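# Structural description and commentary
Chain by chain, the residues run as shown.
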Amino acid sequence: SVKPGGELVCKMSRGLKVVADVSIDEAVNQSWDLIALPGGMPGAEHLRDCTALISLLEKQKADGKFYAAMCAAPAVVLASKGLVGDGATCYPAPGLREKMSSPADEDVVVQGNVVTSQGPGTALKFAIKMGELLYGAEKAKQIADEMLVS
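Residues numbered from 1 in each chain as written. Predicted model: local features only at pLDDT ≥ 70, side-chain atom pairs only at ≥ 80, totals over all residues. Heavy atoms only, no water.

### Description of the overall build of the chain
A tally of helices and strands in the chain yields six helices and six strands. Here the C-alpha radius of gyration of the chain, 15 Å, is about what a compact globule of 150 residues would show, namely 15 Å. In terms of overall dimensions, the chain has a C-alpha envelope of 40 × 35 × 30 Å along the principal axes. Burial status across the chain gives 38% buried among its 150 residues. Sequence separation of 24 or more characterises 50% of the internal contacts of the chain that already satisfy a separation of 6 or more. Summing over all exposed atoms, the chain offers an accessible surface of approximately 8,400 Å²; the carbon and sulfur share of this is 54%. Across the chain, the centroid of the 15 positively charged side chains sits 4 Å from that of the 18 negatively charged ones. (Helix = DSSP H or I, 4+ residues; strand = E, 2+ residues; numbered from the N terminus. Rg over C-alpha atoms; globule rule 2.2 N^0.38 Å. Buried < 20%, exposed > 50% of the residue type's maximum accessible area, 1.4 Å probe, protein only. Contact = heavy atoms within 4.5 Å. Areas by Shrake-Rupley, 256 points an atom, 1.4 Å probe, with all protein chains shown as cover. Lys, Arg positive; Asp, Glu negative; His and termini not counted. Charge placed at Lys NZ, Arg CZ, Asp CG, Glu CD.)

Structure representation (structure tokens):
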């Protein structure tokens, strides 16, 4: 969680409450195979404004390790901090796409060690793609087949 004071309960844009495993203060002292950012507003703005998270993402980029964002987060967080290049994707709404450089219309876009996705309806494809990057195509296909994701 990027909430101040180490608060782990986060209320999402639709009212869902999620409990984080660790605070951002704890997370900065760890190594991550992949860091994935959820979308939604104003959450994406909170992520963008968290200097510790941005430092973590910059380290992932410098180390060639994976990081990912979906919905509003590719535009609000990654694009605003120079962490994504031309052709990434985000939620297809005015005000977000304009923040991106040559945004793609694909559900999920992989550019080297960066993964972006459009939004809630593409979340399973986003998750399967991250699984593929971490565990291989065969494992990702197995999981997708078991979940009836085509």
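More follows now that the structure is in view.
### Here we look at the pairing of strand β4 (residues 66–70)
Counting buried residues in β4 gives five out of five residues, a clear majority hidden from the surface. Burial along β4 is two-sided: Phe 66, Ala 68 and Met 70 facing one way and Tyr 67 and Ala 69 facing the other are all buried. Relative to strand β6 (residues 114–117), β4 runs parallel, the two sharing four bridges. Paired with Ala 69 across the bridge in β6 is Thr 116. (Pairing = 2+ DSSP bridges.)

### A closer look at the sheet that holds strand β3 (residues 34–37)
Spatially, the four strands line up as an open sheet ordered β3-β4-β6-β5, and their pairing is mixed. In this open sheet, the two edge strands, each paired with only one partner strand, are β3 and β5 (108–111). Taking the axes of each pair of neighbouring strands and ignoring which way they run, one obtains an average angle of 15° across the sheet. Relative to β6, β5 runs antiparallel, the two sharing four bridges. Its bridge partner being in β6, Gln 111 is matched across the sheet by Val 114. In this fold helix α3 (residues 51–63) packs onto β3 and β4, with an angle of close to 135° to the strand it touches most, β3. (Axes fitted to C-alpha atoms, helices over the stretch in contact; angles between N-to-C directions.)

### A word on the pattern of salt bridges
Per the counting criterion, the structure on display carries six salt bridges. Where Arg 48 meets Asp 49, a salt bridge forms, and the shortest distance between an N and an O atom there is 2.8 Å. Judged by relative accessible area, Arg 48 falls into the partly exposed class, the value being 26%. Across the salt bridge formed by Asp 63 and Lys 59, the nearest N and O atoms sit 2.7 Å from each other. One end of the pair is Asp 63 and the other is Lys 59, both in helix α3 and four residues apart, which spans about a single turn. (Salt bridge = Lys/Arg side-chain N within 4 Å of Asp/Glu carboxyl O.)

### A few points about the side chain of Ser 1
Mapping Ser 1 onto the fold places it in the segment before β1 (9–11). Among the polar contacts made by the side chain of Ser 1, one reaches the main-chain carbonyl oxygen of Glu 7 at a distance of 2.8 Å. Ignoring sequence-local partners within four residues, the contact set of Ser 1 consists of Glu 7, Leu 8, Cys 10, Ala 20, Val 22, Ser 23 and Ile 24. (Polar contact = N/O pair within 3.5 Å; in protein donor to acceptor, adjacent residues only side chain to side chain.)

### Remarks on a nonpolar patch on the surface
Taken together, the side chains of Leu 124, Ile 143 and Met 147 make up a nonpolar region of the molecular surface, amounting to roughly 250 Å² of accessible area. Along the polypeptide, Leu 124 turns up in helix α5 (residues 123–135). (Patch = residues over 30% accessible without salt bridge, like charges linked within 9 Å, V, L, I, M, F, W, Y side chains within 5 Å.)

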